[in-house]
Amino acid sequence: MELALNGMPPGSKLLPHIYYSLARVGWGFSLAVAIGVPLGLTMGWSRRVRSCLEAPLELLRPVPPMAWIPISILWFGIGNKAAAFIIFLGAFFPVLLNTMAGVKSIDPVILDAARTLNAARRTVFFKILIPATVPSIFTGVRIGLGIGWMTLVAAEFTGVREGYGLGYMIMTARDIQRPDLIVAGMCVIGFVGIILDKGLRVVRDRCAAWQ
Amino acid sequence: MELALNGMPPGSKLLPHIYYSLARVGWGFSLAVAIGVPLGLTMGWSRRVRSCLEAPLELLRPVPPMAWIPISILWFGIGNKAAAFIIFLGAFFPVLLNTMAGVKSIDPVILDAARTLNAARRTVFFKILIPATVPSIFTGVRIGLGIGWMTLVAAEFTGVREGYGLGYMIMTARDIQRPDLIVAGMCVIGFVGIILDKGLRVVRDRCAAWQ
Amino acid sequence: AEKPVRVAYLQNDIHHLPFWVARDMGFLARQGANVEVAGVFRSGPDIMSAFAAGALDMAYVGVAPATAAVANGTADVVVLSQSNAEGSALVVASNGRHLVKTVKDLEGKSVAIPGLSTVQDFLLKESLTKQGVRLDRVKFLVVKPPEMISALRNGDVDAFIAWEPYPAKASQMGVGRTLVSSGEMWPGHPCCVVVADAKFLASHPDQVNAVLRAHRQAVEWIGKNRDKAVDIAVKYTGMDEKTIRSAMKTVHYNPTLDADGVRRYARFLTGLGYIRIKDVDGFIGKFVRQESAAQRAGR
Amino acid sequence: MAVNVEIRGLSKTFAGSDNRSDYRALDCLDLQVRRGEFVSLLGPSGSGKSTLLRILAGLDQDYQGEILLDGASVTGRDPRVGMVFQEFALFPWRTTLENIEAGLEFAGVPKKERRRAAMEYIAAFGLSGFESCLPKELSGGMKQRVAIARTLINNPQLVLMDEPFGALDCQMRNALHAFLIKLWLVRRDTILFVTHNVDEAVFLSDRIVVFSPSPARVLRTFDIDMPHPRDRTSFEFNQMRRTILELLASSSDPLSEKPGRHVTNTQQARHEAA
Amino acid sequence: MAVNVEIRGLSKTFAGSDNRSDYRALDCLDLQVRRGEFVSLLGPSGSGKSTLLRILAGLDQDYQGEILLDGASVTGRDPRVGMVFQEFALFPWRTTLENIEAGLEFAGVPKKERRRAAMEYIAAFGLSGFESCLPKELSGGMKQRVAIARTLINNPQLVLMDEPFGALDCQMRNALHAFLIKLWLVRRDTILFVTHNVDEAVFLSDRIVVFSPSPARVLRTFDIDMPHPRDRTSFEFNQMRRTILELLASSSDPLSEKPGRHVTNTQQARHEAA
Ligand SMILES: Nc1ncnc2c1ncn2[C@@H]1O[C@H](COP(=O)(O)OP(=O)(O)OP(=O)(O)O)[C@@H](O)[C@H]1O
Ligand SMILES: Nc1ncnc2c1ncn2[C@@H]1O[C@H](COP(=O)(O)OP(=O)(O)OP(=O)(O)O)[C@@H](O)[C@H]1O
Ligand SMILES: [Mg+2]
Ligand SMILES: [Mg+2]
């Protein structure tokens, strides 16, 4: 089964496939975290920001990442930007929604306590809100990474510039009618996915030990 | 923009597209609930069943539904069965995991109380475990329906027998290069997705009012 | 130094063999064409989207998605040369469950097509109409070519029409056999073409011409060096030599496009309502610029 | 309907985990509760009171020693034993009525009959009008009354109560004391009552057993033969309170804890173990 | 460092929601707490005690009436006012040390200085050895001591305490009573202390204010001039307890609730409102 090691478009080895896929997921996912976390914090914190953005985001949320493929090619052309965008879409909403939910689920007494200790609004945001939300953020980040990874195959459907990627590898195996290689590719995806998740759990246990 | 009403493969109206997509999601999703809920209950309840099934399920979980497409066609041919299978895969894991988590999160005192009221093991399962898990099941079902719906486009990529389906409609719009119709299709998907979710929330508020 | 020309082609489509040859045999370099592969795509519509996004300068692509994209105003490209003519085939199940001996026998059966508005869609529908089969008596299913073989084996469809090498692969696997090649349905029908972004052509005619010269050279070379060409195709697709060899039999590499074919095709799309053009001739005049390009190439 | 309880040489060790060694919560404990007696257990946090009750209730069967009900050795869960939990432990999806009739339902009593019985208890417990309220719609004192009714409707012959009034405010607590004594004077079941509140123990019980810090040994036993209803502010009552408070204060000083094991309550320990 | 508090005609109405009409929690309340006085507030659940404290702490600014600190009218949060919460309300991601120094950190005190100050409080509060424990690793009594130290390190001139010992067991509670009185005898800050426990109120305060059921009016005031430390079992002490218990019992009967509004505690009400 591990013929996959010989490379799928023959000559293309497994490691670069993994590498390119990871890079694409890395970009899209980092972007989702970089936008989703601050946005979630502000949307959870300020009723005004929330009421402005909630409706449009709710409409976009149930649109499948795959349905974005044509649009993403239109906007970003081909290659990594478009793929990262699709992955971003998959990972963004879980990160955003969990961060928001985390802010809302902070025990109001904690915020009251900070205020009676004379914390300014800014201080409350940075010293209370953010640390208190870290565990929820991690939950969102884990789900987001999972979904981002699941979106990978869809993202590599748009075409890849370098000729590498796990999703691309599966497509190639499909083209030449090799079910065994498809299954091998799926196992690799499943396996890398598990490792990524384990890694995130380790980071979380470091950062949110107080939970 | 609502040209989509004239039909996308020209002549194919919007309503049957929605109808066929709903039917496919309905099948896959119902199957996911029908298998995921009882399996989740037993896996949460019995350590033995859990230890048997946890490892293989964990490996399958991060495999993207899209990566299953070739396998699903091999197994189920084209048409609704294959599509329902892909949707099933998307919806199954959230339903299973939330049901399991729900069982595990039952306050042990509730179970102790049932035992001191002389409830037999069977009684505890049916009269305590199941009702106590209903809210978690609904959470899982909602997420599952959301992901199932998101998987729709991927599922209809496998080819549809009837020539109807929202994902199929978007693909056709793509084939003939009509970005406006693609966006219209995405809006319809988003919209139907929201309605489905709202519906589930209404049902949940009926069934789990005690929360 | 000038920026390289951004070129795209389709993954595993041996219709695009001339590009692979031009690249591997060094024709591009020899003609002074500085080319970068900007993307390997899975479908023609994706390539046209990439043109619309300004991410491509030139591409090998099916004439069908190019026509649809230009007619619907999504992308502005012009056809400069042909890659191949013919090169598709109608395949029926080899185990003869349902006896399909002629195209006419498809009446009441189901057939897989790679997509509505594709060249294959057109070929099949035209051929059926010519045989006097009413189109609503045949069930068309849109199935992506890699899945067609599974579908045929499972009995989900009774036949499929697709580009090579899928028909060859099907007979290689013993699942189906070619009933008619597309060359028999419509001799010399246009298939894959070389297109360039209209603005890029206007601003960088020399670079475009260098690519076109390499392309012509490659097509010529394929005609003379069949075996070596097969090797290159095997390298790019990962398929076995036998499949490639039988697939290449029906692919007719020819740089000269039959503009009439494109016209016929545009009328077909208009008839089905996929595109709306009033003046087909005017459209073709702008869209197909083979002569001017050839003149410039020969200069 | 009551039962005589004898506990002989009861020992319980919790298996340790990675960062905790084996823990001996009960060490060869002997204790008798006579038929129809109301006994309170007092003792520092973590001394093993809940552990003892869970074993008696049959919720924990991994122990050494012997438990005799009316002279017959018992292993595992005995249907004659009922328990009231500090956390109320009502079934949150069931109404007051459905909670109270749960025990009868589990025993297969027909619907009509059990409904009639439950309505009697609802009236007796001052819960009329709240039959179809969910637990979340009840106040703390009402929840605890539902929990007691739910246990008593099964007619247990030994009632175990683990800090049943710990979560209630002072007034509610006092009102329920009076209520519980009124019930008990009629029913005369055997009650083993765990509490941290000396006042409560003196007000309610025939006998108070004070445990040492863990592993639990019986430090001292106090017999109380004041008639019911008792006056919390009488001299005799306060004499008893003072003696017990002093004994507790001398046996452990809660403000001088050492770093190391800190389990605030059993619930938390159980969660960590799970 | 203490302040004189005067509350004049304080009224507070909670806006109603779909299934609840407007609710008047405080109605034209007058109350004075003198400089350095320890005043306890007693009153039935829901009478508006927490509401009053939240307003004084500046956590709720939507009220009518006037609040004067040392004669000057105050609106909104005043830095001289500190508060200790029943739920401890420690920052769970911060260690004991980091929790205690939080107030100084928020005020911008340099790290070295605030750390020194925090270590002093840690020693004084018997928390040495637990500096780097997270709240979840502390027992209930230790958590409450951290919460008190965290408030006092800011040197508030008015300390509000809302049932600070409600969650603790009897022994822990009594030990902290002694501890709190020792602190207060030295610092002499003004303390407004809410409790349900009559014993606690009599043990701690200079004056006890008993509220009527909602909306809160002052039902009666008791001056207590027993010297510290007080003896919980003395005749005088119990005389006072009896009088207050009887007043509370007559002013409301917790076992005769009517179906309708049932808010077990403020926390729940606040959640429902959010
Ligand atoms: N499941 C468990 N695993 C390990 N140790 C446990 C477990 N349950 C209880 N313990 C330990 O056994 C000891 C006795 O616990 P127990 O709950 O019986 O005390 P308790 O007297 O009821 O205390 P409290 O008054 O706080 O309720 C405690 O030190 C506790 O840490
Ligand atoms: N945010 C809110 N919205 C609506 N009503 C509220 C809110 N907070 C408190 N209330 C109501 O105001 C009344 C007084 O509440 P408060 O919490 O001040 O009582 P309390 O005296 O502190 O009671 P307890 O002794 O139970 O703590 C209660 O009836 C409560 O339902
Ligand atoms: Mg206990
Ligand atoms: Mg309160």
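Predicted, not measured: the structure shown is a model, and the values here were computed from it.

Residues and elements named next belong to chain C. Relative to each other, helix α5 (residues 119-130) and helix α13 (residues 259-272) sit at 85°, their axes nearing to 11 Å. On the basis of their axis angle, the class for α5 and α13 is roughly perpendicular. Residues V119, D121, F122, K125, E126 and K130 of α5 lie in contact with α13, whose contacting residues are R264, Y265 and F268. Classifying every residue of the contact of α5 with α13 by side-chain character gives four nonpolar, no polar and five charged.

Here the focus is the confidence of the model for chain A. Averaged over every residue, the pLDDT of chain A is 83; residues scoring 70 or more account for 90%. For chain A, helix α3 (residues 69-76) of chain A is the element with the lowest average pLDDT, namely 76, and helix α5 (residues 108-116) of chain A is the one with the highest, namely 94.

This part is about empty space enclosed by the protein. Per the stated rule, a full pass over the model turns up 13 cavities of 30 Å³ or more. Approximately 520 Å³ is the volume attributed to the largest cavity. Together, 34 residues line the largest cavity, and L10, R42, S43, G44 and W163 of chain C are the ones closest to its centre. When contributions to the lining of the largest cavity are tallied by element, the ones reaching two or more residues are α7 (166-175) of chain A, α7 (166-175) of chain B together with α3 (44-52), α4 (63-71), α5, α6 (145-154) and β10 (190-197) of chain C. Taken together, the residues that form the lining of the largest cavity break down as 16 nonpolar, 10 polar and eight charged. If you go around the second largest cavity, you meet 13 residues; those closest to its centre are P65, M150 and T151 of chain A together with P65 and M150 of chain B. Listing elements by their share of the lining of the second largest cavity, those giving two or more residues are α6 (121-156) of chain A together with α6 (121-156) of chain B. In terms of residue class, the lining of the second largest cavity is built from 11 nonpolar, two polar and no charged.

Take the pairing of strand β7 (residues 158-162) of chain E next. All names here are of chain E. Counted residue by residue, β7 has five buried out of five residues, so it is predominantly covered. Here β7 shows a buried face lined by L158, L160 and D162 and a second buried face lined by V159 and M161. Both strand β6 (residues 81-84) and β7 contribute to a ladder of four bridges, which runs parallel. For V84, the partnering residue across the bridge sits in β7 and is M161.

Once that is clear, we can look at the pattern of salt bridges. Counted by the stated rule, this structure contains 62 salt bridges over all chains. Note that D60 of chain D and K12 of chain D form a salt bridge whose closest N and O atoms lie 3.0 Å from each other. Residue D60 of chain D is located in the loop between α1 (49-56) and β4 (64-69), and its partner K12 of chain D is located in strand β1 (residues 5-14); the two are separated by 48 residues in the primary sequence. Here D60 of chain D and K12 of chain D have matching classes, each one buried. Note that R34 of chain E is salt-bridged to E37 of chain E, the shortest N-O span being 3.2 Å. Taking the relative accessible area as the measure of exposure, R34 of chain E reaches 42% and is therefore partly exposed.

Another point: the arrangement of the chains. A comparison of contact numbers over the six pairs of chains in contact places chains D and E at the top. Between chain C and chain D there is no contact, and the shortest C-alpha to C-alpha distance separating them is 49 Å. Of all C-alpha pairs spanning chain C and chain E, none lies closer than 47 Å, and the two are not in contact.

A word on the interface of chain A and chain B. Each partner contributes residues to the interface: chain A has 32 residues there, and chain B has 31 residues. Each partner contributes to the roughly 2600 Å² buried at the junction of chain A and chain B, and carbon and sulfur atoms together form 87% of this total. Three residues stand out in chain A for area buried against chain B, namely M66, M150 and M186 of chain A, and they jointly supply 22% of the buried area on that side. Run the count over chain A and chain B and you get zero salt bridges. Applying the counting criterion to the chain A and chain B interface returns zero residue pairs in polar contact (both at pLDDT 80 or more). Put simply, the parts of the chain that give the side of chain A that touches chain B at least two residues each are α2 (47-60), α3, α6, α7 and α8 (179-207) of chain A.

Time to look at the UniProt feature "transmembrane region" (unreviewed entry) in chain A. Residues and elements named next belong to chain A. Annotation from UniProt places "transmembrane region" (unreviewed entry) at residues 18-39, 59-78, 84-103, 124-145 and 176-196. Measuring from the first to the last C-alpha atom of residues 84-103 gives 27 Å, for a span that is 100% helix and 0% strand. Helix makes up 100% of residues 124-145 and strand 0%. Its end C-alpha atoms lie 29 Å apart.

We now examine helix α6 (residues 170-187) of chain E. All names here are of chain E. Over its 18 residues, α6 extends 25 Å from the first C-alpha to the last, a length consistent with the 26 Å expected when each residue adds 1.5 Å. When you tally the buried positions in α6, you get 13 out of 18 residues, the bulk of the element. Just past α6, the residue R188 takes up positive phi, approximately 60°.

Here we take up the sheet that holds β10 of chain C. What links the strands of a sheet is backbone hydrogen bonding, and the strands pair in either a parallel or an antiparallel sense. Residue and element names in this part refer to chain C. One open sheet accounts for six strands, arranged β2-β1-β3-β10-β4-β11; its pairing is mixed. At either margin of the open sheet sits one strand with a lone partner, and together these are β2 (35-41) and β11 (251-253). The average undirected angle you get between the axes of adjacent strands in this sheet is 30°. In terms of strand pairing, strand β4 (residues 77-86) meets β11 through three bridges, oriented antiparallel. Bridged to N84 within β11 is Y253.

On to the sheet that holds strand β4 (residues 64-69) of chain E, then. All names here are of chain E. Strand order in this open sheet of four strands is β2-β1-β4-β5, and the pairing throughout is antiparallel. Looking at the sheet topology across the chains shown, the edges are occupied by β2 (23-33) and β5 (72-73). Where β4 lies against β5, two bridges are found, and the strand directions are antiparallel. Within β5, the residue paired with L68 across the bridge is S73.

Interhelical geometry of helix α1 (residues 14-45) of chain B versus α6 of chain B gives an angle of 145° and a closest axis separation of 7 Å. By crossing handedness, the relation of α1 of chain B to α6 of chain B is classed as right-handed.

Once that is clear, we can look at the environment of E162 of chain B. Tracing the sequence through the fold places E162 of chain B in the loop between α6 and α7. Counting along the chain gives 146 residues from E162 of chain B to P16 of chain B, while the straight-line C-alpha distance between them is 9.9 Å. Residues in contact with E162 of chain B, not counting those within four places in the same chain, are Y20, R24 and N80 of chain B together with K139 of chain C.

Another aspect to go through is the confidence of the model for chain C. Scored by pLDDT, chain C comes out at a mean of 84, with 96% of its residues at no less than 70. The ipTM, which scores confidence in the relative placement of chains, is 0.76 for this predicted complex, and the corresponding pTM is 0.79.

Here we come to the relation of the copies chain A and chain B. Between chain A and chain B, which share one sequence, the superposing operator has a rotation angle of 180° and an axial displacement of 0.0 Å; the RMSD is 0.1 Å. The superposition of one copy onto the other is thereby described by a two-fold rotation axis. By C-alpha distance to the rotation axis, the residue of chain A lying nearest is A154 of chain A, at 4.0 Å. Here 97% of the contact residues of chain A are again contact residues in chain B; the copies associate through an equivalent surface.

Criteria and thresholds
- Residues numbered from 1 in each chain as written.
- Chains lettered and ligands numbered in written order.
- Predicted model: local features only at pLDDT ≥ 70, side-chain atom pairs only at ≥ 80, totals over all residues.
- Heavy atoms only, no water.
- Axes fitted to C-alpha atoms, helices over the stretch in contact; angles between N-to-C directions.
- Helix = DSSP H or I, 4+ residues; strand = E, 2+ residues; numbered from the N terminus.
- Parallel < 35°, antiparallel > 145°, perpendicular 65-115°, else oblique.
- Contact = heavy atoms within 4.5 Å.
- Nonpolar A, V, L, I, M, F, W, Y, C, P; charged D, E, K, R; others polar.
- pLDDT = per-residue confidence, 0-100.
- 1 Å grid on protein atoms, 1.4 Å probe; cavity = no way out; pocket = protein on both sides within 12 Å on 5 of 7 lines; lining within 4 Å.
- Points joined across faces, edges and corners; volume = space filled by probe spheres on them.
- Buried < 20%, exposed > 50% of the residue type's maximum accessible area, 1.4 Å probe, protein only.
- Pairing = 2+ DSSP bridges.
- Salt bridge = Lys/Arg side-chain N within 4 Å of Asp/Glu carboxyl O.
- Buried area = accessible area lost by both parts, 1.4 Å probe.
- Polar contact = N/O pair within 3.5 Å; in protein donor to acceptor, adjacent residues only side chain to side chain.
- UniProt positions renumbered as here; feature names shortened; annotations may be inferred.
- Expected span 1.5 Å × (residues − 1).
- Left-handed = near helix turned anticlockwise from the far one by under 90°.
- Least-squares fit on C-alpha atoms with pLDDT ≥ 70 in both.

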